[in-house]
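Summary of structural features
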Amino acid sequence: MKDHDKAAYPEPPRKTPVVDKQTSLPNPAVILSNLFYYSVDVPVSTFRGALDSIRSNNKSVYYHQKFRRVPELVDCEHGDYLCYYEAEMQWRRDYKVDQEIVKVIQERMRACYQREGSSYVQNCAKEIEQFEETSNNFQLRYGDLGAYASGRKCLMKQKERMMAAQAQTS
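Residues numbered from 1 in each chain as written. Predicted model: local features only at pLDDT ≥ 70, side-chain atom pairs only at ≥ 80, totals over all residues. Heavy atoms only, no water.

**A few points about a nonpolar patch on the surface**
Nonpolar side chains collect at one region of the surface, where Phe36, Val40 and Val44 lie side by side and expose about 270 Å² of accessible area between them. Tracing the sequence through the fold places Val44 in helix α1 (residues 28-57). (Patch = residues over 30% accessible without salt bridge, like charges linked within 9 Å, V, L, I, M, F, W, Y side chains within 5 Å. Areas by Shrake-Rupley, 256 points an atom, 1.4 Å probe, with all protein chains shown as cover. Salt bridge = Lys/Arg side-chain N within 4 Å of Asp/Glu carboxyl O. Helix = DSSP H or I, 4+ residues; strand = E, 2+ residues; numbered from the N terminus.)

Here it is as structure tokens:
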């Protein structure tokens, strides 16, 4: 009994056939590809390699953008709206950084809880104290500002806190 019909499914050739060259002229596709390679690709690749080697010497990490510190809101001149805007953006960046710091400290504390189990009270005392300190400082600075927090509101809260402290001492 035959498995398949040899005429319907012929066996593939064992070797790749040799190309029968009809003409002695060179292939224009090869000429164009070599022309492109040597006239465009090689110079561009060489130039890019030179730039990359220069950049690698003074490479800055792309995900860690550094902003210059701008004056605080109290340092801005009256009516200098550009300074107000820059101070507000600086405050927002500081706010986000402080949020992330609290998150990192909280993650460390939770990892210690997970690692130590029931004996976390004595083994995680440093992490708990650090989290309480950072969260209290964050709450002092940014707490009760509401959903529309801004640098101006934060400054007024700080001013009120300083005035209350001064009233208590006198």
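After that view, the rundown keeps rolling.
**Topic: the side chain of Lys157**
Its location among the elements puts Lys157 in helix α5 (residues 151-169). Asp144 provides the closest opposite charge to the buried, salt-bridge-free Lys157, at an N-O distance of 4.7 Å. Among the polar contacts listed, one links the side chain of Lys157 to the backbone oxygen of Gln139, at a separation of 3.3 Å. Filtering out sequence-adjacent residues up to four positions away, Lys157 remains in contact with Gln139, Leu140, Arg141, Tyr142, Gly143, Asp144 and Leu145. (Buried < 20%, exposed > 50% of the residue type's maximum accessible area, 1.4 Å probe, protein only. Lys, Arg positive; Asp, Glu negative; His and termini not counted. Polar contact = N/O pair within 3.5 Å; in protein donor to acceptor, adjacent residues only side chain to side chain. Contact = heavy atoms within 4.5 Å.)

**Let's talk about the state of the cysteines**
Per the counting criterion, the structure on display carries 2 disulfides. Residue Cys76 pairs covalently with Cys83 via a disulfide, S to S 2.1 Å. What sets the handedness of the Cys76 and Cys83 disulfide is the S-S torsion sign, and at about -75° it is left-handed. Taken individually, Cys76 and Cys83 each receive the classification buried, so the pair is uniform in this respect. Covalent S-S linkage joins Cys112 and Cys124, the inter-sulfur distance amounting to 1.8 Å. Across the S-S bond linking Cys112 and Cys124, the dihedral sits near -95°, which makes this disulfide left-handed. Pair noted here: Cys112 is in helix α2 (residues 81-116) and Cys124 is in the loop between α3 (120-123) and α4 (125-142), with a separation of 12 residues, a long-range link. Among the residues examined, Cys124 registers a relative accessible area of 0% and is labelled buried. (Disulfide = S-S within 2.5 Å.)

**Concerning the confidence of the model for the protein chain**
Per-residue pLDDT for the protein chain has a mean of 85; in total, 91% of the residues score no lower than 70. When mean pLDDT is compared element by element in the protein chain, α4 scores highest at 93, while α3 scores lowest at 87. (pLDDT = per-residue confidence, 0-100.)

**Regarding the packing of α4 against α5**
Taken N-terminus to C-terminus, the directions of α4 and α5 make an angle of 100°; their axes are 8 Å apart at the nearest point. Our classification of the angle between α4 and α5 gives roughly perpendicular. Here Gln139, Leu140, Arg141 and Tyr142 of α4 lie close against α5, whose contacting residues are Cys154, Lys157 and Arg161. Counted by class, the contact of α4 with α5 contains 3 nonpolar, 1 polar and 3 charged residues. (Axes fitted to C-alpha atoms, helices over the stretch in contact; angles between N-to-C directions. Parallel < 35°, antiparallel > 145°, perpendicular 65-115°, else oblique. Nonpolar A, V, L, I, M, F, W, Y, C, P; charged D, E, K, R; others polar.)

**So, α5**
Along its 19 residues, α5 runs 27 Å from first to last C-alpha, staying within 8% of the 27 Å computed at 1.5 Å per residue. Along α5, the positions that sit buried rather than exposed are Gly151, Cys154 and Lys157. Around the axis of α5, the buried residues are gathered within 125° of arc, so they sit on the same side. Residues of α5 that are exposed and point over 90 degrees away from its buried face: Glu160, Gln166 and Ala167. As for α5, its buried residues are in contact with α2 and α4. (Expected span 1.5 Å × (residues − 1). Arc of directions from axis to C-beta.)

**Quick notes on the packing of aromatic side chains**
Think of a pair of aromatic rings as described by two things: how far the centres are apart, and how the planes are tilted against each other in angle. A complete count under the given rule lists 8 aromatic pairs for this structure. Consider the rings of Tyr95 and Tyr142, whose centres lie 4.7 Å apart with planes at 75°: the pair is edge-to-face. Of this pair, Tyr95 sits in helix α2 while Tyr142 is found in helix α4, placing the two residues 47 residues apart along the sequence. Given a relative accessible area of 24%, Tyr95 falls into the partly exposed group. A relative accessible area of 6% means that Tyr142 is categorised as buried. Ring-pair connections join several aromatic residues into one group, and the members of that group are Trp91, Tyr95, Phe138 and Tyr142. (Phe/Tyr/Trp six-rings, centres within 6.5 Å; stacked < 30°, edge-to-face > 60°.)

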